[in-house]
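Each chain, letter by letter, is given below.
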Amino acid sequence: MTKDLNGLYYRLLCPRVVAIIVSLRPDGKPNAMVAAWHTPISVNPPIVAIAIAPSRFTHKLIQNSGEFTINIPDKTLTEQIEVAGYNSGEHMDKSALFKYAPSKILKTPIIEDAIGVIECKLNRMLEMGDHSVVFGNIVSVSAKGFGEVWRTSTPLLHLGTNFYTELKK
Ligand SMILES: Cc1cc2nc3c(=O)[nH]c(=O)nc-3n(C[C@H](O)[C@H](O)[C@H](O)COP(=O)(O)O)c2cc1C
């Protein structure tokens with residue numbers, strides 16, 4: 001039995017749907033980070049939670065703007081995901097990485113090529129270990145190729161580090 005508590009436990013909870021979290025910079029441009037540690041919290045009212053480390057630029061941006069969008073990619077966005085997930089917006093302008101479209105409700109845009117989009121207003125942030133749990137009140141949801149389950153669209157799934165997979169039909 002392994003004793004690597006820190007490095008192993010979350011790998012056992014994979015695969016996880018890759019999410020791209022978009023938030024607004026003070027100059028009005030979008031910043032995108034990748035997050036795989038997210039979970040539904042409440043159905044009514046609809047609330048989602050994402051574990052975002054306080055060191056992420058996104059953490060500051062969400063604190064400032066009070067909103068964010070969760071964008072579900074398929075594998076066609078893998079290259080951009082690697083850039084968004086390994087480079088901080090604090091040191092790199094990531095605003096041209098994806099094509100953006102207006103949100104239904106928020107000022108923060110959505111990623112045009114995402115197969116699913118969840119728009120959130122910040123509920124609260126709770127510091128927890130080396131991450132914060134960011135709770136979002138969901139104000140709008142849309143998806144392409146989805147009817148009760150994913151049908152024609154296929155979300156990218158994270159297996160840990162740089163391993164990804166997809167749903168099989
Ligand atoms: C597949 C993948 C999943 C990730 N999941 C998370 C996560 O759930 N929470 C987190 O804080 N960082 C996560 N990261 C790391 C951030 O995306 C990364 O630190 C990013 O550069 C932060 O960007 P920002 O500083 O512009 O916000 C993940 C990275 C990858 C590649």
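Each chain has its residues counted from 1, following the order in which its sequence is written. Reporting in this predicted model follows two pLDDT cut-offs: at least 70 for local features of residues, and 80 or more for side-chain atom pairs to be given and counted; totals over whole chains, interfaces and linings ignore these cut-offs and use all residues. Water and hydrogen atoms were dropped before computing side-chain values, which therefore reflect all heavy atoms in the structure.

Across its full length, the chain holds 3 helices and 14 strands. Expected size for 169 residues packed as a compact globule is a radius of gyration near 15 Å; at 15 Å, the chain falls within 12% of this value. With the principal axes as the frame, the chain shows a C-alpha extent of 50 × 40 × 35 Å. In the chain, buried positions account for 42% of the 169 residues. Looking at the chain alone, contacts between residues at least 24 apart form 60% of all its contacts between residues at least 6 apart. Element-wise, carbon and sulfur atoms account for 57% of the exposed surface of the chain, whose accessible area totals about 9,700 Å². Averaging the locations of the 18 positively and 15 negatively charged side chains of the chain gives two centres separated by 3 Å. Numbering of helices and strands runs from the N terminus, with a helix taken as a DSSP run of H or I at least four residues long and a strand as a DSSP run of E at least two residues long. Restricting the calculation to C-alpha atoms gives the radius of gyration, and the globule rule supplies 2.2 Å times the number of residues raised to the power 0.38. Relative accessibility thresholds used throughout: buried, under 20% of the residue-type maximum; exposed, over 50%; partly exposed, between the two (1.4 Å probe, protein chains only). Contacts were defined at the residue level, with two residues in contact if any of their heavy atoms lie within 4.5 Å. Reported accessibility uses the Shrake-Rupley method at a 1.4 Å probe radius. Residues are deemed covered only where the shown protein chains occlude them. Counted as positive: Lys and Arg. Counted as negative: Asp and Glu, with His and the chain ends omitted from the count. By convention, charge coordinates are those of NZ in Lys, CZ in Arg, CG in Asp, or CD in Glu.

Residues are classed as near a molecule or strand on a simple rule: at least one heavy atom within 4 Å of it. The immediate surroundings of the ligand are formed by 22 residues, with Val34, Ala51, Thr58, Ser88 and Gly89 found nearest. Whenever a nitrogen or oxygen atom comes within 3.5 Å of another N or O atom, the pair is scored as a polar contact, on the condition that within protein one atom can donate a hydrogen and the other can accept it, and that pairs from neighbouring residues in sequence are kept only if both atoms are in side chains. Within the contact set of the ligand, an oxygen atom lies 3.0 Å away from a backbone nitrogen or oxygen of Trp37. Ala53 places a main-chain nitrogen or oxygen 3.0 Å from an oxygen atom of the ligand. For the ligand, the protein covers 91% of the area, taking 650 Å² as the surface of the free molecule. When residues of the shell around the ligand are traced back to their parent elements, those giving at least two are strand E3 (30-35), strand E5 (47-52), helix H2 (57-65) and helix H3 (78-86). Looking at the shell around the ligand element by element, the count peaks at 4 residues for E3. Gly counts as polar in this scheme, as do all residues outside two lists: the nonpolar Ala, Val, Leu, Ile, Met, Phe, Trp, Tyr, Cys and Pro, and the charged Asp, Glu, Lys and Arg. Here the residues of the shell around the ligand are counted per class, giving 12 nonpolar, 8 polar and 2 charged.

Tracing the backbone through its elements, the reader meets Lys99 in the loop between H3 and strand E7 (100-101). On a C-alpha basis, the gap between Lys99 and Glu112 in space is 5.6 Å, while along the polypeptide they are 13 residues apart. Those residues in contact with Lys99 that lie beyond four places of it in its chain are Ile110, Ile111, Glu112 and Asp113.

This next bit is on the environment of Pro40. Residue placement: Pro40 occurs in strand E4 (residues 38-42). By relative accessible area, Pro40 is classed as exposed at 70%.

This next bit is on the environment of Ser95. In this fold, Ser95 is placed in the loop between H3 and E7. Each C-alpha atom, one on Ser95 and one on Ser55, is 19 Å from the other, the two residues being 40 residues apart in sequence. For Ser95, the contacting residues outside a window of four places in its chain are Lys29, Pro30 and Tyr100. Among the polar contacts made by the side chain of Ser95, one reaches the side chain of Asp93 at a distance of 2.6 Å.

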